[in-house]
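Secondary and tertiary structure notes
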Amino acid sequence: MNNIDILKTRKAELNEKTANVKKNIFKIIDEGSFVELNAFSFVKNEFYGEDVDGLGVVTGYATIDGYPVYVVAQNPDVMGGGLSKANCAKICECLYKAGNSELPVVYLLNSKGVQVGEGVAVLEGIAELLRVSNNLKDQAPQFAIAVGDVLGSSAILADNADFTFVVGNACVSYASPAVISASKEGETKDTVAKAKNGVKTFEVKELEEVKDKIIKILTTLPKFSELQIDSIDDMNRTSPVLNAALDVQGLIDATFDAGSFISMNDDFASEVKVGFGRVGGIATAGVLMDGGENGVDITLDVVLKIKNFVNFALDNALPLVFFVNANGLKQDAQTCNTAVMTELMNMLGALSQARRVTVVYNKAIGLGYTAFASKAFGSDYTYAFAGSKISLMDGFAGLSATFGTVDGEELSKLQDKYADSQDSFNSAKLGCVDNVIEPEFVRQYVISALQMILS
């Protein structure tokens, strides 16, 4: 058999063993664009007594809507997609190339854990893989797609990615669902897969949906598109509906260019919505606090969600628009017994570095103002809607806590007097906000402030 025939035979064998994982790759890339790297890598697994073709992972490069990307796909048909020192090294080689060219990485993850026969050696390989992935964060975006169960250290890789897609009933968990079920009655794979832990950025039904989402992301991120483009939406569009009723979706529709907003991590700390899109053609990250009339209480989950998203905005050079509807720290034992204050300071450190437009659309009370609306922590421009409330404490409850010994009639007088100081106009008089605005004109104000920030 000559060399060409040997090559063809070897290719046929490899294609048979990687057929399923390559079908998944082809669903998210441009047709005919995939070029495999290190295809003929293999090792002998002494523990199981068999060769591991392709090291149980397929790597290469391709394009998605013309954007060049690197691809890493775990092959569950080889050793259950388990991590080994050798396949960690193969993945790292692909990530080095991505980092050198500052191109995105797309992971298709499907792993039952590690190849246990390697013992401690695999841990060194995993450590190097996680180090390289972490170093890549400020160089290029990482897209992790859970196409099946992603267990053990591969779950850390998913969590470290900028965007994590969970397809169907896939499960992302460091601990195996079987282990969790054994240790905690009532836990099943389904409850683990749907855990609201902040790992899942997007949930999709089919793998094919991921491609369109990746394209939309890449056409918005300044590293792969222009920070500012000509807006296809009216720069002077108004939203009179906001003068009558305020809600987060209405604020998104009013502020962001039509159809451009990409919402992220909706299941985690759902009282805060984060995402990014374009505002007057400017790529912009958005944080919108829900909570209705009551406002959002500060909890550890709220702080972690905002902190992580602000760091994402900083990594991608995105200015922030921040819609505030916040109270102070949630007054319960559970919150007070967490690391909320430590993480709050970490969040404030990140916010201080971001270019930011802040809009108090309902309330900013106490620590809710200090953390999210004060100029001391980096708000370049701060606006308040007419009728919004900015104050040290929230009305009657706060006064009662402070002046609890005052009789009811006197307390009512204090409440009326204090109500005047909560008005947004009083905050403007004190220089705490730059302007008090009508809600329907919020788009124009935000666009003009972003233009000044970026000029």
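Data block above holds the structure.
A short tour of the structure in this document, coming up. (Residues numbered from 1 in each chain as written. Predicted model: local features only at pLDDT ≥ 70, side-chain atom pairs only at ≥ 80, totals over all residues. Heavy atoms only, no water.)

This next bit is on the pairing of strand S5 (residues 67–74). For S5, the buried fraction is high: 7 of the 8 residues fall into the buried class. Looking at chain direction, strand S4 (residues 57–64) and S5 are connected through 8 bridges and run antiparallel. Each residue of the ladder has a partner; that of Ile 64, found in S5, is Tyr 67. Where S4 folds back on S5, the antiparallel hairpin that results is connected by 2 residues, among which Asp 65 adopts a positive phi of roughly 55 degrees. In this structure, S5 lies alongside strand S6 (residues 105–111), joined through 4 bridges in parallel fashion. Its bridge partner lying in S6, Tyr 70 is registered against Val 105. Taken together, S5, helix H3 (residues 85–101) and S6 constitute a β-α-β crossover, and its handedness is right-handed. (Buried < 20%, exposed > 50% of the residue type's maximum accessible area, 1.4 Å probe, protein only. Helix = DSSP H or I, 4+ residues; strand = E, 2+ residues; numbered from the N terminus. Pairing = 2+ DSSP bridges. Right-handed = clockwise from strand over helix to strand, strands pointing away.)

Turning our attention to the environment of Gly 148. If you trace the backbone, Gly 148 turns up in strand S7 (residues 142–151). Non-local contacts of Gly 148, meaning those with residues more than four positions away in its chain, are made with Leu 109, Asn 110, Ala 170 and Cys 171. (Contact = heavy atoms within 4.5 Å.)

Further remarks concern the nonpolar core. One recurring pattern in soluble globular proteins: nonpolar side chains tend to sit buried together. Core analysis: the largest hydrophobic core is formed by 69 residues, its most contacted members being Phe 163, Phe 276, Ile 306 and Phe 372. By residue number, the principal contributor to this core is helix H11 (residues 300–315), which donates 7 residues. With residues up to four places along the chain from it excluded, the contact list for Ile 306 reads Val 272, Val 287, Met 289, Phe 322, Met 347 and Phe 372. Listed in part, the 30 residues of the second largest apolar core include Val 105, Leu 136, Val 150 and Val 166. (Core = buried A, V, L, I, M, F, W, Y, C linked by side-chain atoms within 4.5 Å.)

Geometric values such as these leave the question of function open.
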